[in-house]
Amino acid sequence: MQIIRKKLAVLATLMMILLTLDGCAHFDCSGYIQAMLDSLYKGEHDAYATITKLTPDELEQNYQEGINAEIEKFLSYMNISDNASFVDENTRTNLRSFFQKVYQNANYTVAEADKKGNVKITIQPIQIFTPAREALDAYVKDFFARNDAGEFAELSDEAFYSQYIQGALDILNTYANTISYGDAITITVAVTSNEQHVYSITDEAFDSIDEHILDYNSQISTSDDSTTQNNTETQNE
């Protein structure tokens with residue numbers, strides 16, 4: 001599955017400290033990580049706004065960009081990344097609501113930082129795709145068998161791909177109220193500052209956190225690549 005990095009422009013410049021500080025001895029690195037994760041995954045911005053001096057509106061925009069990136073990751077998981085642009089705005093709005101709900105269940109525990117600014121984060125990955133996988137596989141197999149039989153020949157590309165994704169989302173929503181978790185994973189990230197005392201973690205460190213928050217199993221597969229295309233195009237040639 002293609003990994004889509006979240007658009008975290010805010011992460012590039014996180015905080016300016018006007019005093020000369022010694023690592024995390026005088027800066028709450030753990031509190032900073034906790035506030036960052038709460039803002040990015042749960043939309044709780046107050047603590048992060050206080051630390052970064054960014055406005056709640058700026059952090060909300062960043063949060064929504066993360067949700068949009070998760071949608072693109074999901075469309076790749078559903079094996080339509082090349083046709084994702086055909087998914088209509090109504091379906092994307094439904095996807096946005098779904099991931100906002102799922103993100104509320106993000107399970108992470110941030111330990112106290114050591115003096116060098118290393119922070120251990122224990123994550124229990126949300127597992128919604130694993131319990132839903134059998135139902136999703138059956139749905140995809142049936143949907144594209146119907147497509148191969150010409151059932152959707154009159155649909156536009158937008159209607160076809162939107163219907164496909166909405167059907168998968170309907171299945172996932174049945175699992176959204178009974179979230180389960182995978183085995184705990186502990187990640188250590190380093191909070192560092194530069195000469196201007198701007199505190200940050202690396203993009204690679206964030207990616208390591210992000211890939212474990214929500215557990216995608218292997219990409220949804222179909223019988224062959226051609227079945228992920230709307231047969232309207234073939235029949236109209």
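What comes next concerns the included structure. (Residues numbered from 1 in each chain as written. Predicted model: local features only at pLDDT ≥ 70, side-chain atom pairs only at ≥ 80, totals over all residues. Heavy atoms only, no water.)

### Side note on the packing of aromatic side chains
What the rule picks out here adds up to 21 aromatic pairs. Look at F27 and Y32: their rings are 6.0 Å apart centre to centre, the planes differ by 40°, and that puts the pair in the tilted class. Each member of the pair, F27 together with Y32, is buried. A centroid spacing of 5.0 Å and a plane angle of 70° characterise the contact between F98 and F99, whose relative ring orientation is edge-to-face. Grouping residues by exposure puts F98 and F99 together as buried. (Phe/Tyr/Trp six-rings, centres within 6.5 Å; stacked < 30°, edge-to-face > 60°. Buried < 20%, exposed > 50% of the residue type's maximum accessible area, 1.4 Å probe, protein only.)

### Looking at the packing of helix α4 (residues 56-77) against helix α5 (residues 89-103)
The geometry of α4 relative to α5 is characterised by a closest axis approach of 9 Å and an angle of 110° between their N-to-C directions. Between α4 and α5, the crossing angle belongs to the class labelled roughly perpendicular. Of α5, the residues touching α4 (which contributes Y63, Q64, G66, I67, N68, E70, I71, E72, F74 and L75) are R92, L95, R96, F99, Q100 and Y103. Considering only residue class, the contact of α4 with α5 consists of eight nonpolar, four polar and four charged. (Axes fitted to C-alpha atoms, helices over the stretch in contact; angles between N-to-C directions. Helix = DSSP H or I, 4+ residues; strand = E, 2+ residues; numbered from the N terminus. Parallel < 35°, antiparallel > 145°, perpendicular 65-115°, else oblique. Contact = heavy atoms within 4.5 Å. Nonpolar A, V, L, I, M, F, W, Y, C, P; charged D, E, K, R; others polar.)

### A word on the sheet that holds strand β5 (residues 185-190)
Spatial strand order, β1-β2-β5: three strands in an open sheet with antiparallel pairing. What marks the edges here is a single partner per strand, and that holds for β1 (107-110) and β5. The sheet shows a mean angle of 25° between the axes of neighbouring strands, taken without regard to direction. Contacting β1, β2 (118-124) and β5, helix α2 (residues 29-42) runs over the sheet at an angle of about 165° to β1. Contacts between helix α8 (residues 203-213) and the sheet are confined to β1, β2 and β5, with β5 contributing the most and set at about 160° to the helix. (Pairing = 2+ DSSP bridges.)

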